[in-house]
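# Structural characterization, general
Here's the letter readout for the chains.
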Amino acid sequence: MVDLLAEIDGELVLVDYKTDRVTDAGLDARVAAYSPQLAAYALVLESLTGRPVVRAVLVFVGPGGAVERDVPDLAAVRA
């Protein structure tokens, strides 16, 4: 299930919220682990809308606040 699909400046941005307890040291590994999931969501959304998803963002939410990270090189992960 897609958490949030936003149109920002005319472009589609996919946002997925995670509640993993993750340290700064483990953040890159969690982003890498979730990147294929967001790429799959992007492919489905593009098929449904006929528009490209230009950005996919993971938001890790925890007791100390939220940390936001883009999926690096979404096009490569999607491929």
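Read on for a plain summary of the structure. Model, not experiment: these values are computed from the prediction. Position labels on residues start from 1 in each chain and follow its written sequence. Given that this is a predicted model, residues contribute local features only at a pLDDT of at least 70 and side-chain atom pairs are listed and counted only at 80 or more, while totals for whole chains, interfaces and linings are drawn from all residues. Values reported for side chains reflect all heavy atoms of the structure, with hydrogen atoms and water molecules removed beforehand.

Let us now look at the layout of surface pockets. The rule is simple: put a 1 Å grid over the protein atoms alone, call a set of points where a 1.4 Å probe fits but cannot get out a cavity, call an open set with protein on both sides within 12 Å along at least five of seven lines a pocket, and count a residue as lining if it has an atom within 4 Å of a point. Grid points are joined across faces, edges and corners, and a volume is the space filled by probe spheres set on the points. By volume, the largest pocket is sized at about 190 Å³. Together, 14 residues line the largest pocket, and Asp20, Val22, Phe60, Gly62 and Gly65 are the ones closest to its centre. For the lining of the largest pocket, the secondary structure elements donating two or more residues are β3 (53-62) and β4 (65-70). The helix and strand labels rest on DSSP assignments: H or I over at least four residues marks a helix, E over at least two residues marks a strand, and numbering proceeds from the N terminus. The element best represented in the lining of the largest pocket is β3, accounting for 3 residues. Taken together, the residues of the lining of the largest pocket sort by class into 6 nonpolar, 5 polar and 3 charged. Three residue categories are used. Nonpolar comprises Ala, Val, Leu, Ile, Met, Phe, Trp, Tyr, Cys and Pro, charged comprises Asp, Glu, Lys and Arg, and polar comprises the others, including Gly.

Read these as geometric descriptors, not functional statements.
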